[in-house]
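A structural walkthrough
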Amino acid sequence: MTDPTANETLPTDTPAAGSLSRRTVLGALAGGAAVATGVAVPAGPAAAAAPGTDPDEVPTPRLGGRPLLCEPYLLDPQASTVYVVWHTEEAGTAQVVLVGAGVTTLDDQQALDAATGSRRNGPGWRRITATTKRLTRTREDSASAVPGRSYSAVVDRPVHRQLALVDKLPAGRTPYRVVSVDHAGRATVTPVYSLAPVASRKQTVKLLLTSDHQLKNMTPANLEKVAETVGVRLDGVLVAGDLVNVPDRASEWFDSTTGLAFFAGLTGRASKTLHGRTWRGAPLLQHTPIFPAIGNHEVMGRWSDTAGLDSQFNDPQPLEVARQRWRASRPSGVDEATWLAEQSWDVTTYEEMFPYPSSPNGGQRWWARTIGDVHLVTLFATQIWRSASPTARGKFQEASADLENADKWGYGQFIFEPIKRGSRQYKWLERELASPAAQRARFRVVMYHHPGHGLGDNSAPPFTDPVQTVTRDPLTGKVTAVTYDYPLADDHILRDLEPLFSANGVHLVHNGHSHLWNRFRNPAGVNWLETSNVGNSYGAYDVSSGATRNLPEDSDHIRQGDPGGLTPIVPTVAPLTDAAGKPLPYVASNDITVFSVLDSGAGVVRSYRFDTRDPGSAVVLFDEFPLA
């Protein structure tokens, strides 16, 4: 159905003074069709009549609003509360959640009346008003794929987060609907969804384990098969990072014309055709809370008013390097925290998308929650990905053309947030794993992005601070080379985190990053699982595949197998096999997609695969292992 408002010009939404400091905003697209510098949109009918000149005049609400940027999603359930979140391109005049069994009997007009009338509750329903926040860094550029729009430059794209805390929840599921009214009084009413408080401490739960969606081709099929296999009313979706590719590009979250935007897949609004079947994803997040971790693709690099978003994403520098420049220059007109974020790396968009869960120590970057009989600890453990090219700026060296200009250095594959022994995050983790909440839980799960054990390309070089060597000409002092080494003995995950996990009885470490499925078990009984062959794969580097990682010959570079020295476990039920029929200890495929589910009632993790080349085929349970 064609959206009749798609080409209408909407009023510009101007951010509060200072909210976009040191940024050149080329245009504001409050409703998605205002023509601004660097933006082209198709011509359309004249705009609907705007509200009158009287600032107190509010148009009469009516049905017929444009779709929300994304269907509602759930965050951080507690004993009697949960957050409902949705996003719109303008602030609107009313943003509410209707909650209660009575919403199931309301038609759309009745729901609108309930949302905008004088009564805050009615037969079997109550109304909760959302708070509105404009996201501060969402933009588009020439590489964006937005319906009906094209861009020739980096342009600010207004996105408004609507956040409602639903309280006083009874046990079990409660129906809800979202009603959103725009500046012209046009209302959007969602279907009926359901929400619930967190499962009580001894209650068993089912949790989807996933990661690395990144607008990859198989993701919608994967999520449809999740819903088909275990339903959409789970206790949590645990995403171990890399939700999108470039986090400040709004369309990657919401409405990319690829049909593969992050929220589209997880709410059933995706569209990707593979082998004659169009896949839509599934309405998971409307019913199941999401628990995400930060991956390297949630981290933006240095801000620019002119460079494309891909370029900005690939241009972070270590925070300490930026801090040294700040101390040397003391730029005026900007505070230190803002300057450092814009001149090093930044996770603002991720933090604004997911304001909860959080912790007093780590905010949204690291936190812990108890979900039924599972205690989940989530960390910020990731690094910038750099190319292994032997000449360009990459993992092992700076580009020869940049040797005399440190502002262009990449500083190797550096770690964003310290996790090593003695760091603030490590000390918090040490306390958290030993806490009563963690120790009395039946199962302890740790989630973060970077794999500690794995067969993927991204399992090497070691996860450690790059050791920089600057070589100079002895006569001129001119820099002739800048190189980086990664000592395997200093791998922060293997050296510092793994002993902590083993000592505190962690049952499962859930990672992402390498786009494959593999699992391991260490001598202390800690299970390590990467189940990131969701949308695509970059291969497995194992003796059974014969492939070797593109790394220089060096004792610190494990080119094949697990750098941590563990043997990969062959799936227990229905492993894939090689040409000779030998079972493979991994899934690394661009045709076969994988998902895993933690079932605490059975005390197991089950992994499933589906071959997208045969849309009518069944999902295959290929691995099952006990958590304890």
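Preceding this paragraph is the structure being described.
Reference entry: report on the structure contained in this document. All figures in this text were calculated on a predicted structure; none of them were measured in a lab.

Details of unusual backbone geometry
In this structure, the amide linkage connecting Tyr356 to the following residue, Pro357, adopts the cis form with an omega of 0°. Here Pro357 is to be found in the loop between helix H8 (348–353) and strand S21 (367–371). Notably, Asp242 is not glycine yet its phi reads approximately 55°, a positive angle. Relative to the helices and strands, Asp242 resides in the loop between strand S17 (236–239) and helix H3 (250–253). Note on Asp242: relative accessible area 2%, which makes it buried. Here His275, not a glycine, exhibits a phi torsion of approximately 50°, which is positive.

Here we look at the nonpolar core
A general feature of soluble globular proteins is that nonpolar side chains tend to end up buried together. Core analysis: the biggest nonpolar cluster contains 84 residues, and Tyr73, Phe263, Phe354, Tyr448 and Phe501 have the highest contact counts within it. Excluding residues that lie within four positions of it along the chain, Phe354 makes contacts with Tyr73, Leu75, Leu243, Trp253, Phe262, Phe263, Ile290, Pro292 and Gln364. Counting residues in hydrophobic clusters, the runner-up holds 27 residues, among them Val198, Phe291, Trp517 and Phe622.

Some words on the sheet that holds strand S20 (residues 290–292)
With respect to topology, six strands assemble into an open sheet ordered S20-S17-S16-S29-S30-S31, the strand pairing being mixed. Whereas interior strands pair on both sides, the edge strands pair on one side only; in this sheet they are S20 and strand S31 (620–626). Going from strand to strand, the sheet's axes swing by 25° on average, the running direction of each strand aside. Bridge count between strand S29 (residues 592–599) and strand S30 (residues 604–611): eight bridges; the pairing is antiparallel. Paired with Phe595 across the strands is Tyr608, a residue of S30.

Criteria and cut-off values
Residues numbered from 1 in each chain as written. Predicted model: local features only at pLDDT ≥ 70, side-chain atom pairs only at ≥ 80, totals over all residues. Heavy atoms only, no water. Helix = DSSP H or I, 4+ residues; strand = E, 2+ residues; numbered from the N terminus. Buried < 20%, exposed > 50% of the residue type's maximum accessible area, 1.4 Å probe, protein only. Core = buried A, V, L, I, M, F, W, Y, C linked by side-chain atoms within 4.5 Å. Contact = heavy atoms within 4.5 Å. Pairing = 2+ DSSP bridges. Axes fitted to C-alpha atoms, helices over the stretch in contact; angles between N-to-C directions.

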